[in-house]
Each structure stands twice: as C-alpha cells, then as structure tokens.
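So the chains spell out like this:
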Amino acid sequence: MVDEQNRTLPIANVGRIMKQILPPSAKLSLEAKQRMQECATEFISFVTSEASDKCHRENRKTMTGDDICRALSALGLDNYAGAIVRYLHKYREAERERVIASQNKATSSSRDEDIEESDQSGQPSLQADETPTPLMNIFI
C-alpha cells in the first residue's frame, strides 16, 4: 500500500485540478478523484516509460522534456506533444529571462557596493593594509 501511494499523484492535487474546470457549485466524490488519480498516474507512467526506453536505447541516464515530447508523438498523442512543446519553449524562455534578471540584479548590486566603497572623487578607496601597486595606479 505504501509503495502504491508513492507512485501516484497526490489526490489533493488531482482534486484541485479537477475543480478548476468544473463549475464552482460542482461537487467531487472521493471515488471520482481516486479514478482520475489512477488514470493520470497510469498516463504519466505510460509516457515516461516510452521516454525512458528511448533514453536507455541511446545509453543516456537523463530524461529531458524533449524526450517526453518525442514519447508523446511516438505514442500517437501528437496533439499533446504540440501543446507540451509550446509549453516547454515558453518555460525555457521564462527561465532564461529569470536567470538574466538575476544576473543583472547581482551585477547591479555589485556595482552599487563598488560605488559605496569609492571615495568622493569616485575612485576606489584602499583598505588599510593595501598599498598601491603599479597596476592599481592605473585605476587610481
């Protein structure tokens, strides 16, 4: 029983997804949630197994989103594959933007700290134990 629960989607999440498409006044029985949980888990296992087999044939240990999209197509689920490819593309683009924004924020923060450390003339201030070296004199 414990192993079976570890291989299924959380029933609360399944119920929440089901409720999103239903009218607000609709009720969901526990049995309906359980059947959908079984179907969704089986579907995910089916697609993942196909993708895993392909990775195994290619001697790869890591399965990617592209492998899932190809598995959907190979299983004749091209409509799903197209939707997942579009979602994957948007997800990757959003991740790139997030990383760039994070890098820009870190760079901006680093520049702000450098400005705060410089003296009033805008030149970097030396620490107490630093003596100017010829290379540092270029910047001072």
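Residues numbered from 1 in each chain as written. Predicted model: local features only at pLDDT ≥ 70, side-chain atom pairs only at ≥ 80, totals over all residues. Heavy atoms only, no water.

- An unreviewed UniProt entry annotates the protein chain as Transcription factor CBF/NF-Y/archaeal histone domain-containing protein originating from Hibiscus sabdariffa.
- We quote the UniProt Sequence similarities (unreviewed entry) comment for the protein chain here in full: "Belongs to the NFYB/HAP3 subunit family." (UniProt positions renumbered as here; feature names shortened; annotations may be inferred.)

### So, unusual backbone geometry
Trans peptide bonds make up the majority, and among non-glycine residues the majority have a negative phi.
So, step 1. The backbone of Asn-59 sits at a positive phi, close to 55°, despite the residue not being glycine.
So, step 2. Summarising the element assignment, Asn-59 is placed in the loop between α3 (30-57) and α4 (65-74).
So, step 3. On the basis of relative accessible area, Asn-59 is assigned to the exposed category, the value being 73%. (Helix = DSSP H or I, 4+ residues; strand = E, 2+ residues; numbered from the N terminus. Buried < 20%, exposed > 50% of the residue type's maximum accessible area, 1.4 Å probe, protein only.)

### Here's the deal with the packing of aromatic side chains
So, step 1. Within the structure shown, the criterion is met by two aromatic pairs.
So, step 2. Taken together, a centroid distance of 6.5 Å and an interplanar angle of 20° make the contact between Tyr-87 and Tyr-91 stacked. With Tyr-87 and Tyr-91 both in helix α5 (residues 78-117), this residue pair falls four residues apart, about one helical turn.
So, step 3. For Tyr-87, a relative accessible area of 56% puts it in the exposed group. (Phe/Tyr/Trp six-rings, centres within 6.5 Å; stacked < 30°, edge-to-face > 60°.)

### Structural notes on helix α2 (residues 11-21)
So, step 1. Three or more residues of α2 are buried, namely Val-14, Gly-15 and Met-18. Mapping the buried residues of α2 onto a view down its axis gives an arc of 95°, with all of them on the same face. Exposed side chains of α2 directed beyond 90 degrees from the buried face belong to Ile-17 and Gln-20.
So, step 2. Looking at the packing, one finds that the buried side of α2 touches α3. (Arc of directions from axis to C-beta. Contact = heavy atoms within 4.5 Å.)

### Let's talk about the pattern of salt bridges
Side-chain pairing between opposite charges can occur once the charged atoms of the two side chains come close.
So, step 1. The full count for this structure, using the stated rule, is eight salt bridges.
So, step 2. Its salt-bridge partner being Arg-60, residue Asp-67 comes within 2.7 Å of it at the nearest N-O pair.
So, step 3. On the basis of relative accessible area, Arg-60 is assigned to the partly exposed category, the value being 29%.
So, step 4. With a shortest N-O distance of 3.2 Å, Arg-70 and Asp-67 are connected by a salt bridge. Here Asp-67 and Arg-70 lie together in helix α4, a separation of three residues that amounts to about one turn.
So, step 5. On the basis of relative accessibility, which here comes to 42%, the residue Arg-70 falls in the partly exposed class.
So, step 6. Among the charged side chains, a network of salt bridges with common partners joins Lys-54, Glu-58, Arg-60, Asp-67 and Arg-70. (Salt bridge = Lys/Arg side-chain N within 4 Å of Asp/Glu carboxyl O.)

### Examining a nonpolar patch on the surface
So, step 1. A surface patch of nonpolar side chains, amounting to about 360 Å² of accessible area, comprises Leu-9, Phe-43, Ile-44 and Tyr-80.
So, step 2. If you trace the backbone, Tyr-80 turns up in helix α5. (Patch = residues over 30% accessible without salt bridge, like charges linked within 9 Å, V, L, I, M, F, W, Y side chains within 5 Å. Areas by Shrake-Rupley, 256 points an atom, 1.4 Å probe, with all protein chains shown as cover.)

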